[in-house]
Amino acid sequence: MSFFHIYTEYKNLDFEKYLDQVTEEDVIRIIKKKIGPDDFLNLLSPAAEGCLEQMAQRARQLSLQHFGKAVLLYTPMYIANYCVNKCAYCGFNVANKINRKQLSMDEIEAEAKAIAQTGLRHILVLTGESKAKTPVSYIVEAVKVLKKHFDSITIEIYPLTEKEYAKVIAAGVDGLTIYQEVYDQKIYDKVHLAGPKKDYKFRLDAPERASAAKIRNINIGALLGLSNWKKEAFFAGIHAQYLQNRYTDVEVGLSLPRIRPHVGIFSDIIPVTDRNLVQIMLAFRLLLPYASINLSTRENKNFRDHLIPLGVNKLSAGVSTEVGGHSKSSKGDGQFDISDTRSVAEIKESLIGKGYQPIFKDWMNI
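Computed from a prediction, not measured in an experiment: that's the story for all the values here. (Residues numbered from 1 in each chain as written. Predicted model: local features only at pLDDT ≥ 70, side-chain atom pairs only at ≥ 80, totals over all residues. Heavy atoms only, no water.)

1. Digging into the overall build of the protein
So, step 1. Summing up its helical and strand segments, the protein has 15 helices and 11 strands in all.
So, step 2. With the C-alpha coordinates aligned to their principal axes, the bounding extent of the protein is approximately 60 × 45 × 35 Å.
So, step 3. Taking all 366 residues of the protein together, 61% fall into the buried category.
So, step 4. Long-range pairs, those at least 24 residues apart, make up 75% of the contacts in the protein between residues at least 6 apart in sequence.
So, step 5. With an accessible surface of roughly 14900 Å², the protein has 50% of that area assigned to carbon and sulfur atoms.
So, step 6. Each charge sign in the protein was given a centre, from 48 positive and 42 negative side chains, and these centres are 3 Å apart. (Helix = DSSP H or I, 4+ residues; strand = E, 2+ residues; numbered from the N terminus. Buried < 20%, exposed > 50% of the residue type's maximum accessible area, 1.4 Å probe, protein only. Contact = heavy atoms within 4.5 Å. Areas by Shrake-Rupley, 256 points an atom, 1.4 Å probe, with all protein chains shown as cover. Lys, Arg positive; Asp, Glu negative; His and termini not counted. Charge placed at Lys NZ, Arg CZ, Asp CG, Glu CD.)

Now the structure itself:
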C-alpha cells in the first residue's frame, strides 16, 4: 500500500460540509491530546480559527520540548533552470521566455565557496525538471563537488526511481525536498498542462521511493494557492504522518510555500491569508510534534520572525532563486520573487536577539 490508497479514501469527502460541523468545544478537546487524521482535520476548521491562541500555546510547548530554541539555517542553490514541463504556476515553465542556464562544475564550485563563506553547512540543490539537460549523472557530479564544502546536501529536482535515488544518496545526498504542488488530483491535472510532471502518482510516490533507498530526511508540502487550503493542508499533513509511521528511520518535515510572483501569468490563485497559514502551521505541529517545519523566504521577514516560537525550526537564509545567484556569475532567471531578502548574518543576529540559537550544522555525512 502507498499513500495514494490513503488519498483515495478521503478525496471525495465533502470537506466544507464536514468542517462546518466542527465546534470550538471539539477543537479544545483535541488540543489536549495526541491526535489522528480526523482530529487534525478538525484543527483546520472555521471553528478552530477561534482557538488559535490555545493552539499556539500547545504548539509552542511541543516545539520547545522537541527542538528547544534551535533553528537550523540553510540556503537553496539553483544549478540549472531548464525544464520540460508546462506548469501553469511556475516561472520555469518551458513556454516562458526566460534566460536559461546550467552551471558547469567550476561554476558550482564558485557558488559553493560563496555560500560556505557565510558559515552555512546545509544546502538545498535545485534544478528545473529536465532529465536531458540535468541527468542523474550531472546531479551526482555536482554533489561530489559540493561535498567538499557542505555537511548536508538536500536535493529538490525531478522525481527519481528508487535506483536513481540510491545513486545520488551514495554520492552524498542525505535529504530530499519534493512538493506534490497540489494534492487535488483534478486540479493537479489542470495546472500541469504538459510534460512528465503530469504523472500524479509517480510524483506522489517519490518520497516513498527515496525512503526505500535509505535517504536520511524528506521534506514535503503543497503549494498553497492552487486549491482549497484546508484540503491541501490536510493531505500534506497526513502524507507526512504516513511517511513518519512507515519509514521510522527517516526524518520527515513539512513546508508551507505560498505562490509568489513569477514570470508568466497564473490568475487562478486561491487566496491563503496570513491567519490561514498560521492555522495550518499550528495544526501541523500538533499532529507531528517532532517533524521539522520550514518557512521559506516566500514570506516576509516580520511574519517569519513572529512564527518561530510557534513551531518553525528551519529557515532559509541569504536566498537567491537565480542560477548562479550566490557567486554573481552569469545568471539564469529566478523561479519566483522572494520576500525576505536578509543575509545569513542578518537572520543569525535576528534569531540571537530573540533568544534563539541559529544552527549552521547539525549533522555530518561520514
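2. Focus on the pairing of strand β1 (residues 70–78)
So, step 1. Among the 9 residues of β1, 8 are classified as buried, and the element is accordingly described as predominantly covered.
So, step 2. Bridge count between β1 and strand β11 (residues 357–359): 3 bridges; the pairing is parallel. Counted as the bridge partner of alanine 70 is glutamine 357 from β11.
So, step 3. Bridging between β1 and strand β10 (residues 314–316) involves 3 bridges; their strand directions are parallel. Bridging across to β10, leucine 73 finds its partner in leucine 315.
So, step 4. As paired strands, β1 and strand β3 (residues 122–126) are joined by 4 bridges and run parallel to one another. Bridged to threonine 75 within β3 is isoleucine 123. (Pairing = 2+ DSSP bridges.)

3. Observations regarding unusual backbone geometry
So, step 1. The phi angle at glutamate 181 is positive, at roughly 75°, despite the residue not being glycine.
So, step 2. Mapped onto the secondary structure, glutamate 181 falls in the loop between β5 (175–177) and α9 (185–191).
So, step 3. Located in the positive-phi region is lysine 214, a residue other than glycine, with phi close to 75°.
So, step 4. Within the secondary structure, lysine 214 sits in the loop between α11 (206–212) and β7 (217–220).

4. A word on the packing of aromatic side chains
The description of two aromatic rings rests on the distance between their centres and on the angle between their planes.
So, step 1. By the definition in use, this model includes 15 aromatic pairs.
So, step 2. On the basis of an interplanar angle of 80° and a centroid distance of 6.4 Å, the ring pair of phenylalanine 3 and tyrosine 183 is categorised as edge-to-face. Placement of the pair is phenylalanine 3 in helix α1 (residues 3–10) and tyrosine 183 in the loop between β5 and α9, with a sequence separation of 180 residues.
So, step 3. A cation over a ring is seen here: lysine 69 above tyrosine 356, with NZ or CZ 5.4 Å from the ring centre. (Phe/Tyr/Trp six-rings, centres within 6.5 Å; stacked < 30°, edge-to-face > 60°. Lys NZ or Arg CZ within 6 Å of the ring centre and 35° of its normal.)

5. A short note on helix α3 (residues 24–31)
So, step 1. For α3, the full list of buried residues reads Val27, Ile30 and Ile31. Seen from one end, α3 has its buried residues packed into an arc of 100°, which puts them on one side. Projecting away from the buried face of α3 at angles above 90 degrees are the exposed residues Glu25 and Arg29.
So, step 2. Looking at the packing, one finds that the buried side of α3 touches α4 (37–42), α5 (52–67) and α13 (274–287). (Arc of directions from axis to C-beta.)

6. A word on the packing of α1 against helix α12 (residues 229–246)
So, step 1. With their axes 11 Å apart at the nearest point, α1 and α12 run at an angle of 145° to one another. Of the two possible hands of crossing, α1 and α12 adopt the one that is right-handed. Residues Phe3, Ile6, Tyr7 and Tyr10 of α1 form the contact with α12, whose participating residues are Phe234, Phe235, Ile238, His239 and Tyr242.
So, step 2. Grouping the amino acids of the contact of α1 with α12 by side-chain chemistry returns 8 nonpolar, 1 polar and no charged. (Axes fitted to C-alpha atoms, helices over the stretch in contact; angles between N-to-C directions. Left-handed = near helix turned anticlockwise from the far one by under 90°. Nonpolar A, V, L, I, M, F, W, Y, C, P; charged D, E, K, R; others polar.)

7. Looking at the pattern of salt bridges
So, step 1. Here the structure, examined in full by the defined rule, presents 22 salt bridges.
So, step 2. With its nearest N and O atoms 4.0 Å apart, the salt bridge here joins lysine 197 to glutamate 129. Highlighted residues: lysine 197 in the loop between β6 (192–194) and α10 (200–204) and glutamate 129 in the loop between β3 and α7 (136–146), separated in sequence by 68 residues. Of the two residues examined, lysine 197 and glutamate 129, each falls in the buried class.
So, step 3. The network of salt bridges with shared partners includes Glu129, Glu181, Lys197 and Arg203. (Salt bridge = Lys/Arg side-chain N within 4 Å of Asp/Glu carboxyl O.)

8. Quick notes on the packing of helix α6 (residues 105–116) against α7
So, step 1. For the pair α6 and α7, the least separation of the axes is 9 Å and the interaxial angle reads 40°. As the angle between them shows, α6 and α7 are arranged oblique. At the point where α6 passes α7, the crossing takes the right-handed sense. Between α6, through Met105, Ile108, Glu109 and Ala112, and α7, the contact on the second element is made entirely by Tyr138, Glu141, Ala142, Val145 and Leu146. (Parallel < 35°, antiparallel > 145°, perpendicular 65-115°, else oblique.)

9. A look at the environment of aspartate 20
So, step 1. By the secondary structure assignment, aspartate 20 is in helix α2 (residues 15–20).
So, step 2. Aspartate 20 sits in the exposed class, given a relative accessible area of 56%.
So, step 3. C-alpha of aspartate 20 to C-alpha of glutamate 162: the two residues are 142 residues apart in sequence and 41 Å apart in space.

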